[in-house]
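Given next are the chains, with one letter for each unit.
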2 protein chains.
Amino acid sequence: MTEGTSHPHAHPSPGNASENAAAERALEYLAAHREAHLQGLLDFLRLKSISALPAHRDDVRRTARFVAEALKEAGLSTVRIEETKGHPIVYGEWLGAPGRPTVLLYGHYDVQPVDPEALWTTPPFEPDIRDGKIYARGASDDKGPVWMHIKALEAMMNTAGSLPVNVKVLIEGEEEIGSPHLEPYVARHREALRADVVLISDTTLLGPGQPAITVGLRGLAALEVRLKGARGDLHSGLYGGIVMNPIQALVQLLSTLHDADGRVRVPGFYDDVRPLSAEERAAMAALAPTEDQLLSELDVPALFGEAGYTPLERNWARPTLELNGIFGGFQDEGIKTVIPSTAGAKISCRLVPDQDPKRIQALIADHLRRHTPPGVTLEVTFFDTGRPFLAPADHPAVQAAADALSQAYGKETAFIRMGGSIPIVEAFDRLLGAPIVLMGFGLPTENFHAPDEHFHLENYDRGLEALVRSFYAFPETLRTAPSV
Amino acid sequence: MTEGTSHPHAHPSPGNASENAAAERALEYLAAHREAHLQGLLDFLRLKSISALPAHRDDVRRTARFVAEALKEAGLSTVRIEETKGHPIVYGEWLGAPGRPTVLLYGHYDVQPVDPEALWTTPPFEPDIRDGKIYARGASDDKGPVWMHIKALEAMMNTAGSLPVNVKVLIEGEEEIGSPHLEPYVARHREALRADVVLISDTTLLGPGQPAITVGLRGLAALEVRLKGARGDLHSGLYGGIVMNPIQALVQLLSTLHDADGRVRVPGFYDDVRPLSAEERAAMAALAPTEDQLLSELDVPALFGEAGYTPLERNWARPTLELNGIFGGFQDEGIKTVIPSTAGAKISCRLVPDQDPKRIQALIADHLRRHTPPGVTLEVTFFDTGRPFLAPADHPAVQAAADALSQAYGKETAFIRMGGSIPIVEAFDRLLGAPIVLMGFGLPTENFHAPDEHFHLENYDRGLEALVRSFYAFPETLRTAPSV
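Since we're looking at a predicted model, the values are computed, not measured. (Residues numbered from 1 in each chain as written. Chains lettered and ligands numbered in written order. Predicted model: local features only at pLDDT ≥ 70, side-chain atom pairs only at ≥ 80, totals over all residues.)

Engineer: Can you lay out the overall build of chain A for me, pointing to particular residues and giving the numbers?
Structural biologist: Looking only at helices and strands, chain A has 14 helices and 18 strands in total. Here the C-alpha atoms of chain A give a radius of gyration of 25 Å, agreeing with the 23 Å that 2.2 N^0.38 yields for 484 residues. Taken over the C-alpha atoms alone, chain A extends approximately 85 × 50 × 45 Å along its principal axes. For chain A, with 484 residues in total, the buried portion stands at 56%. In chain A, once contacts between residues fewer than 6 apart in sequence are set aside, the share between residues at least 24 apart is 80%. (Helix = DSSP H or I, 4+ residues; strand = E, 2+ residues; numbered from the N terminus. Rg over C-alpha atoms; globule rule 2.2 N^0.38 Å. Buried ≥ 20, exposed ≤ 12 C-beta atoms within 10 Å, placed from the backbone. Contact = placed C-beta atoms within 7 Å.)

Engineer: Describe the nonpolar core, and please don't skip the residues or the numbers.
Structural biologist: All names here are of chain B. Val198, Ile213, Val437 and Val468 are the most contacted members of the largest nonpolar core, which totals 96 residues. By residue number, the principal contributor to this core is helix H4 (residues 139-160), which donates 10 residues. Those residues in contact with Val437, other than ones at most four positions away along the chain, are Val197, Val198, Leu199, Ile213, Ala397, Val398 and Ala401. (Core = buried A, V, L, I, M, F, W, Y, C linked by C-beta atoms within 7 Å.)

Engineer: Go over the interface of chain B and chain A with me, naming the residues and quoting the values.
Structural biologist: With 67 residues of chain B in contact, the opposing surface of chain A contributes 67 residues. For the side of chain B that touches chain A, the secondary structure elements donating two or more residues are helix H6 (236-239), helix H7 (246-254), helix H9 (291-298), helix H10 (311-316), strand E11 (320-329), strand E12 (338-339), strand E13 (342-351) and strand E14 (377-386) of chain B. At 9 residues, the largest contribution of residues to the side of chain B that touches chain A is made by E11 of chain B. A breakdown of the residues in the side of chain B that touches chain A according to their chemical character gives 30 nonpolar, 27 polar and 10 charged. Relative to E11 of chain B, strand E11 (residues 320-329) of chain A runs antiparallel, the two being bridged by 5 bridges. Within E11 of chain B, the residue paired with Ile326 of chain A across the bridge is Gly328 of chain B. (Nonpolar A, V, L, I, M, F, W, Y, C, P; charged D, E, K, R; others polar. Pairing = 2+ DSSP bridges.)

Engineer: Residue-level account of the sheet that holds strand E4 (residues 128-130) of chain B, with values.
Structural biologist: Residue and element names in this part refer to chain B. The strand order across the open sheet built from 3 strands is E4-E5-E18, with neighbouring strands paired in antiparallel fashion. Every other strand in the sheet has two partners, leaving E4 and strand E18 (454-456) as the edge strands with one partner each. Averaged over all adjacent pairs, the angle separating strand axes in this sheet is 25 degrees, with direction ignored. Here strand E5 (residues 133-135) runs beside E18; their pairing, made up of 3 bridges, is antiparallel. When the sheet's bridge partners are listed, Ile134 is paired in E18 with Phe455. Sheet strands touched by H4: E5 and E18. Its angle to E18, the strand with the most contacts, is close to 50 degrees. Along the sheet, helix H14 (residues 457-477) makes contact with E5 and E18, crossing E18 at roughly 55 degrees. (Axes fitted to C-alpha atoms, helices over the stretch in contact; angles between N-to-C directions.)

Engineer: Account for the packing of helix H1 (residues 17-32) of chain A against helix H4 (residues 139-160) of chain A, naming residues and giving values.
Structural biologist: Residue and element names in this part refer to chain A. Packing of H1 against H4 leaves a shortest axis separation of 8 Å and a crossing angle of 115 degrees. With respect to each other, H1 and H4 are oriented roughly perpendicular. Like other packed secondary-structure pairs, H1 and H4 cross with a definite hand, here right-handed. Counting all contacts with H1, which are made through Ala22, Arg25, Ala26, Tyr29 and Leu30, the residues of H4 involved are Lys151, Ala155, Met156, Asn158, Thr159 and Ala160. (Parallel < 35°, antiparallel > 145°, perpendicular 65-115°, else oblique. Left-handed = near helix turned anticlockwise from the far one by under 90°.)

Engineer: Can you tell me about the relation of the copies chain B and chain A, naming the residues and giving the values?
Structural biologist: The operation linking the two copies of the chain is a rotation about an axis combined with a translation along the axis. Aligned on chain A, chain B shows an RMSD of 0.1 Å; the corresponding rotation is 180 degrees and the shift along the axis is 0.1 Å. On this basis, the relationship between the two copies can be described by a two-fold rotation axis. In this assembly the copies share their binding face: 100% of the residues contributing to the interface of chain B also contribute to that of chain A. (Least-squares fit on C-alpha atoms with pLDDT ≥ 70 in both.)

Engineer: Tell me about the pairing of strand E6 (residues 166-172) of chain B, residues and numbers included.
Structural biologist: Consecutive side chains of a regular strand alternate in pointing toward one face of the sheet and then the other. Residues and elements named next belong to chain B. The buried fraction of E6 is high, at 7 of 7 residues. Because side chains alternate across E6, one face comprises the buried residues Asn166, Lys168, Leu170 and Glu172, and the other comprises Val167, Val169 and Ile171, equally buried. Here 5 bridges tie strand E2 (residues 89-94) to E6, and the two strands are oriented antiparallel to one another. Of the residues in E6, the one forming a bridge with Trp94 is Val167. Across 7 bridges, the pairing between strand E3 (residues 102-108) and E6 is parallel. Bridging from a neighbouring strand, Tyr106 pairs with Leu170 of E6.

Engineer: Summarise the sheet that holds strand E5 (residues 133-135) of chain A; cite the residues concerned and give the values.
Structural biologist: Residues and elements named next belong to chain A. With antiparallel pairing, 3 strands are arranged side by side in an open sheet as E4-E5-E18. Both outer strands of the open sheet, strand E4 (128-130) and strand E18 (454-456), are each paired with one neighbouring strand and no more. Pairs of neighbouring strands in the sheet enclose a mean axial angle of 25 degrees, with direction left out of account. Against the sheet, H4 touches E5 and E18, its axis set at about 50 degrees to E18. On the sheet, helix H14 (residues 457-477) packs against E5 and E18 and is oriented at approximately 55 degrees with respect to E18.

Engineer: I'd like to hear about helix H12 (residues 396-409) of chain B, residue by residue, with values.
Structural biologist: All names here are of chain B. Counted at 1.5 Å a residue, the expected span for H12 with its 14 residues is 20 Å, and the 20 Å between its end C-alpha atoms agrees. Across the 14 residues that make up H12, a large majority, 14, are buried. One or two positions beyond H12, positive phi appears at Gly410, with a value near 65 degrees. (Expected span 1.5 Å × (residues − 1).)

Engineer: Help me get a handle on the packing of H1 of chain A against H14 of chain A, residues and values and all.
Structural biologist: All names here are of chain A. With their axes 9 Å apart at the nearest point, H1 and H14 run at an angle of 150 degrees to one another. As the angle between them shows, H1 and H14 are arranged roughly antiparallel. Between H1 and H14 lies a crossing whose hand is right-handed. Of the residues in H14, those in contact with Glu19, Ala22, Ala23, Ala26, Leu27 and Leu30 of H1 are Leu464, Glu465, Val468, Arg469 and Tyr472. Class assignment of the residues belonging to the contact of H1 with H14 gives a composition of 8 nonpolar, no polar and 3 charged.

Engineer: Quick rundown of the domain arrangement of chain A? Include the residues and the values.
Structural biologist: If you check the domain split of chain A, you get domain 1 (17-217 + 388-477), domain 2 (220-273 + 319-386) and domain 3 (276-313). Once you take the C-alpha centre of each, domain 1 of chain A and domain 3 of chain A turn out to be 30 Å apart. (Domains from an automatic or database assignment.)

Engineer: Account for unusual backbone geometry, with residues named and values stated.
Structural biologist: Residues and elements named next belong to chain A. Residue Pro116 follows Asp115 across a cis peptide bond; omega there is 0 degrees. Relative to the elements of secondary structure, Pro116 occurs in the loop between strand E3 (102-108) and E4. Of note, the phi angle at Asp299 is positive, near 60 degrees, even though the residue is not glycine. Relative to the helices and strands, Asp299 is located in the loop between helix H9 (291-298) and helix H10 (311-316). The backbone phi angle of Asn447 is positive, close to 55 degrees, even though this residue is not glycine. Looking at the element boundaries, Asn447 is found in the loop between strand E17 (436-439) and E18.

Engineer: Provide a residue-level description of the pairing of strand E7 (residues 197-200) of chain B, including the pertinent values.
Structural biologist: All names here are of chain B. Burial along E7 is two-sided: Val197 and Leu199 facing one way and Val198 and Ile200 facing the other are all buried. Inspection of the sheet shows E3 paired to E7 by 4 bridges, in the parallel sense. Across the sheet, residue Leu104 finds its bridge partner in E7, namely Val198. Note: E7 against strand E17 (residues 436-439), 3 bridges, orientation parallel. Looking across to E17, one finds that Leu199 is bridged to Val437.

Engineer: Account for the environment of Phe382 of chain B, naming residues and giving values.
Structural biologist: Residue and element names in this part refer to chain B. When you line up the elements, Phe382 lands in strand E14. Overall, Phe382 belongs to the partly exposed group, with 15 C-beta atoms counted inside 10 Å. It is 39 Å that separates the C-alpha atoms of Phe382 and Pro208, two residues lying 174 residues apart in sequence. Sequence-distant contacts of Phe382, that is, excluding residues within four places in its chain, are made with Leu223 and Gln361.

Engineer: Report on the environment of Ala404 of chain A, specifying residues and quantitative values.
Structural biologist: Examined against the element boundaries, Ala404 of chain A turns out to sit in helix H12 (residues 396-409). Excluding anything up to four places from it in sequence, Ala404 of chain A contacts Ala466, Arg469, Ser470 and Ala473 of chain A.

Engineer: An account of the environment of Pro98 of chain A is needed here, citing residue identities and associated values.
Structural biologist: For Pro98 of chain A, the position within the fold is in the loop between strand E2 (89-94) and E3. With 67 residues separating them in the primary sequence, Pro98 of chain A and Val165 of chain A have C-alpha atoms 8.4 Å apart.

Structure below.
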């Protein structure tokens, strides 16, 4: 796709004739086999691959084998189930296009737990198609998109007899529990996994019918704070007025974390934040929902956040420090006149380039230490971290994927950021050094991680087209010699 | 006891000869029947009169009948079980001393729940005597002291054939659940319950071997605050930076309740607080534990409370505002990146004369309203209140009881306050207008409301002596004509 422009909002442009023809044949194959492929997806969705629950360990393993089989059927030459200390990684490759670029596909076959199961309209592992949507746990996150990757490969292989690029596929079973074994695996197999572009479909469109490439993800730094007072819980009659109440100390301590304008008051917190350019702010302003939309969607009396930034800027491109949980003392009905022995809170920060999560954790811990009131002792526990990620939106591979998406949807592709975090994306970026294309097919409203998760068939169909067109466009845009 | 002095620290002085002789005969009777009386107390302690638990409703009723029987055996002429909408009140009287004063005795036969039962060395309802202590739920609070009242009456009746005063006895079964039906009962029977002194044994000594009359109790005003943000819990990636987090709003709001010096910042909170006199401060200084004692007892790095007052002053004579509970969001192991829909806290104030609990609730609610951050809505719920109480330490009845205690313990009686609240005491004060003598026999270390509650037999014996001596001293000190 040599005509591809570097402007993020470029209109789709036609590729060369033979590649276009090959893409059309693959799309005809997908149309002809649509019912069979959907039945395969429903089988995939019936497998209870809940990675968080030890009771589903065998289900997870069964699902890995199912994925490996599907990759073999798609025509990959090598398929392996790679053991880890947790759930296995499925690896597959087809390297039959020497001299052409290599695409690394990443996805995950594990799913979130399903409780509260009573809130599901149809059971989470009995997929149901209604109103043009597949309802099932994992339909949108991420079995549907993984299936699309596999079926796109199968369609190209079965129509052209080969793929337009070399392909490496990595489908893990621990994404929903933080991918504890994937980054070490990638680090160990850095050379073998070398690729010219990494394609991941685990993000969302901007909205219905609005294709998007995600170019920014926030990082994460989480910790827990606990304040300890007396040896045990005390009766507030006997000891009220004598000791510092750990809850009182906690609210005083936590109240120092933000100012009234919503800015984080931890010294150094904003030091490494890359400022937004005027261009970026203009692009975000064009994509932003109205304040009224947000107010009615959330049912809050007012929006709130760091002064000087729009809600979308605050969510996509500014770091936040959130109190995710707070606890201490009596929580049941009525009143109990207790001074608890301890109180605590869960804190997590969403980070943006170039903030370093470990440094942020240390800054927060220092701040907490300096502001701990008298009469209590502080304990801080650090949780896992994830670095923020920002893709080069003007990279030709990103542009090619955006053009393919635009063509499939008949609408210009937006370049968006996400307020959330996918830590492994940053790890791919750092370890493999290849551009990463986050081409998602879910919608933010599809209840991933919640009851009645679903996936729109419209995006299954359009997404398959976008994937096929991207594969045929990559060879022209990725001129780097592949490492195979 | 005409020689009784009004100085709170007076040494015990002998009463007149015939009353002294009658008291000695009653004490001899108690010594002779000690084993049988203790067996009776153990039977009383075996009854599972947990007022808070509906499953023990019949046990509570059985216990009321047990108490009524014991009052009849003690020789009271009238004994009734008075029904309420909850657990019954046991009422007894002996009005055979016309022209003499009337003493109203109050106590409660119900007990606290026993969980966690696993932490009891011996089962809570299988009383066990070891190391000079009775271990059982209710031993100290309040079955032991109630039993002492009954046995003191029995001893006087069985040795003198009559009591030195008229007696009305009110023993309720709902003290541990806030006495919901007692105050209305007292209000309805104000005339019938008229007395010249109210004697209650539901407080503590100052310490082992240190007799005390409690002359001050703090009042109580409790409320709950809830802040509501978005319709439901939100993902902090998708919405972090867009809305006010209710936990963040809560810690900001609650942090406005105290200043760094531990003073309550609610406007008007201290308006009606009666200042401590130099005399009161000196008396408290003489009774105060050392800071080292408190630090090691509580295992805190430092004491804390309102600047300008000692720990004992803060606990006895200054109001406090405590955060008894706080809750919101994720509280389990690890981290969950949620912005919760709501967060809340439980607040209770210990109040001192002349603070009005309803006014304090209103002041706090106003303050909370004024300081609620943007983006959340506030809900305040009021709980029950109790007024503070301060007895006239120089009243002759109080002095007579103090002298009797001093004689029984061979040590001067201290006049103490308690940081806690017994709302019904203030109700007696207000409705009956008679002086109230809080003569307690428990020790603060006896684990009431906790596992391994116990009661020292030494205080059972000395307390019986103090009670008998008080009864024989009252006629000389209470010259008011009784209403009978």
